[in-house]
Structures are given as structure tokens and as C-alpha cells.
Amino acid sequence: MKELVLFLHLIFASLWIGGMLFLVVVVSPFVRKLPIRDQIFQEVGKRFSLYGTFISLMVLFITGIINAYNIVGLSGLFDLSSAYTKTLLHKIGVFFIIFIVSLTHDLYFGPRAVHSNFYRNMARLLGFINLFLSIFVVYLAARLRFGG
Ligand code: HEM
């Protein structure tokens, strides 16, 4: 059961990080040159918002808490003297920033990106910020793997 929860966590982390990297490295440079770029970005953005922001981040949070419980137990989760718990709290903190940035990107700037360059640039900027924060979360996960 423990393995299954960590397995799910890894699959959804791959979908979240992999999806963002695929958008930035493969999709976006090509689509930006097309005349129907706005339509494609809106459609792709809406789909990735559902599978990434809403489904993946929710599953990552639930499986992440269960992973932590499986590894350090309930008392370990509240033991602030442990390096593991401190790094876990940093990870949860960055996760919440990612969640807020994602909602702002998906529900506010993204849908308005067709209207002005300001919204478009803000949507791009927030997308990049999210990618870097998410890569940092994977670094924190690697630290957890070796005790925090
Ligand atoms: C953007 C969201 C997240 C990403 C991309 C992510 C990524 C990862 C990855 C790649 C691992 C595997 C590391 C390993 O054990 O080798 C991992 C493990 C883990 N994650 Fe996450 N995670 C995310 C969110 C969370 C959240 C919100 C929590 C807690 C509430 C969490 C708790 C954990 C725990 C406890 C482990 C096991 C670490 C260990 O080996 O001791 N994760 N995560």
C-alpha cells in the first residue's frame, strides 16, 4: 500500500512537471508562430489546468501527506526538531505558493491573455515561476529521500 501511494505521487509529479516542461520546451515555441496561437494556447491551457492544477496538485497533496505519515508516523509529522519535518514543511509551503500561482495563472491572467500583452506576459511569467518552484519542490523531495 505504501508503495502504491508513493507510486501515485511519482506519476502525478511526472504529469505536473513533465507537462509544464513539455509546454515550455516543445509546444510553446512552435505554437507561438501560428496564426491561431491564441486559440491553441486557450484550449491547451484549459486542459492542462484541469489535469495539472486541479487533479495533479490535489492528488500530490493527498498522497504527499500519506507518504509522510507512512515514513515518519503521526508524531514525526509534528516533530519540528527533525530535519525531515523542517524540509517537509518547506515543501508544503512552496506547494501552497505553487497552488496560488497556478490559480492566478489559470483563472485570471490565462483567460485574459488574448486581450492584451500585459495579461499575456503575466501569464507567461507566472508559468515560468511555477515551473521553477515545482523543480525546487523536486529538489526538496530528493533531500527528504536522504533524511531532510
Ligand atoms: C508540486 C508538487 C509535488 C511534487 C512535484 C513532488 C514530487 C515528489 C517526488 C519526485 C518524490 C520522490 C522522492 C523520493 O522519495 O525519491 C516525492 C516524495 C515525497 N513527497 Fe512529494 N511532491 C509534491 C508535493 C508534495 C506535498 C504537497 C507533500 C506533502 C504534503 C509531499 C510529500 C512527499 C513525501 C513525504 C515524499 C517521500 C520522501 C521520502 O522519500 O522520504 N509532496 N515528491
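The structure we're discussing is the one just above.
Residues numbered from 1 in each chain as written. Predicted model: local features only at pLDDT ≥ 70, side-chain atom pairs only at ≥ 80, totals over all residues.

1. Overview of the overall build of the chain
Item 1. Of regular secondary structure, the chain possesses 4 helices and 0 strands.
Item 2. Considering only C-alpha atoms, the chain reaches an extent of 55 × 25 × 20 Å along its principal axes.
Item 3. Within the chain, the proportion of its 148 residues that are buried is 17%.
Item 4. Relative to all contacts within the chain whose residues are 6 or more apart in sequence, the contacts with residues 24 or more apart total 74%. (Helix = DSSP H or I, 4+ residues; strand = E, 2+ residues; numbered from the N terminus. Buried ≥ 20, exposed ≤ 12 C-beta atoms within 10 Å, placed from the backbone. Contact = placed C-beta atoms within 7 Å.)

2. Considerations on the site of the ligand
Item 1. Close contacts around the ligand come from 23 residues, with Ala13, Gly64, Asn67, Ala141 and Leu144 the closest.
Item 2. Those elements giving two or more residues to the shell around the ligand turn out to be helix H1 (2-31), helix H2 (37-77), helix H3 (83-112) and helix H4 (117-145).
Item 3. If you tally residues by element for the shell around the ligand, the top one is H2, at 7 residues.
Item 4. Across the shell around the ligand, the residue classes break down as 17 nonpolar, 4 polar and 2 charged. (Near = placed C-beta within 6 Å. Nonpolar A, V, L, I, M, F, W, Y, C, P; charged D, E, K, R; others polar.)

3. Looking at the environment of Val5
Item 1. Checked against the element boundaries, Val5 lands in helix H1.
Item 2. Taking the number of C-beta atoms within 10 Å as the measure of exposure, Val5 has 17 and is therefore partly exposed.
Item 3. Discounting residues that sit within four places of it in the chain, Val5 has contacts with Thr63, Ile66, Asn67 and Asn70.

4. Some words on H3
Every α-helix carries 3.6 residues per turn, so stepping three or four residues along brings you back to the same face.
Item 1. The terminal C-alpha atoms of H3 lie 42 Å apart, and with 30 residues this matches the ideal 44 Å at 1.5 Å per residue to within 8%.
Item 2. At His105, H3 shows its maximal kink, close to 40°.
Item 3. Regarding H3, the residues found buried are Leu88, Lys91, Ile98, Ser102, His105, Asp106 and Gly110. (Expected span 1.5 Å × (residues − 1). Bend = angle between axes of the 7 residues up to and from the residue.)

5. Overview of the environment of Ala141
Item 1. Take Ala141: it is sitting in helix H4.
Item 2. According to the C-beta neighbour criterion, Ala141 is partly exposed, with 17 such atoms within 10 Å.
Item 3. Sequence spacing of Ala141 and Leu88 is 53 residues, and the spatial spacing of their C-alpha atoms is 8.2 Å.

6. Some thoughts on the environment of Leu131
Item 1. One can find Leu131 in helix H4.
Item 2. Once residues within four sequence positions are removed from consideration, Leu131 is found in contact with Met20 and Val24.

7. Some thoughts on the packing of H2 against H3
Item 1. Between H2 and H3, the least distance of the axes is 11 Å, while the angle of their chain directions is 165°. Relative to H3, the element H2 lies roughly antiparallel. The two elements H2 and H3 meet at a crossing, and its hand is left-handed. Along its contact with H2, which presents Gly45, Ser49, Thr53, Leu57, Phe61, Ala68, Val72, Gly76 and Leu77, the element H3 presents Tyr84, Thr85, Leu88, Phe95, Phe99, Ser102, Leu103, Asp106 and Gly110.
Item 2. Residue classes in the contact of H2 with H3 are distributed as 10 nonpolar, 7 polar and 1 charged. (Axes fitted to C-alpha atoms, helices over the stretch in contact; angles between N-to-C directions. Parallel < 35°, antiparallel > 145°, perpendicular 65-115°, else oblique. Left-handed = near helix turned anticlockwise from the far one by under 90°.)

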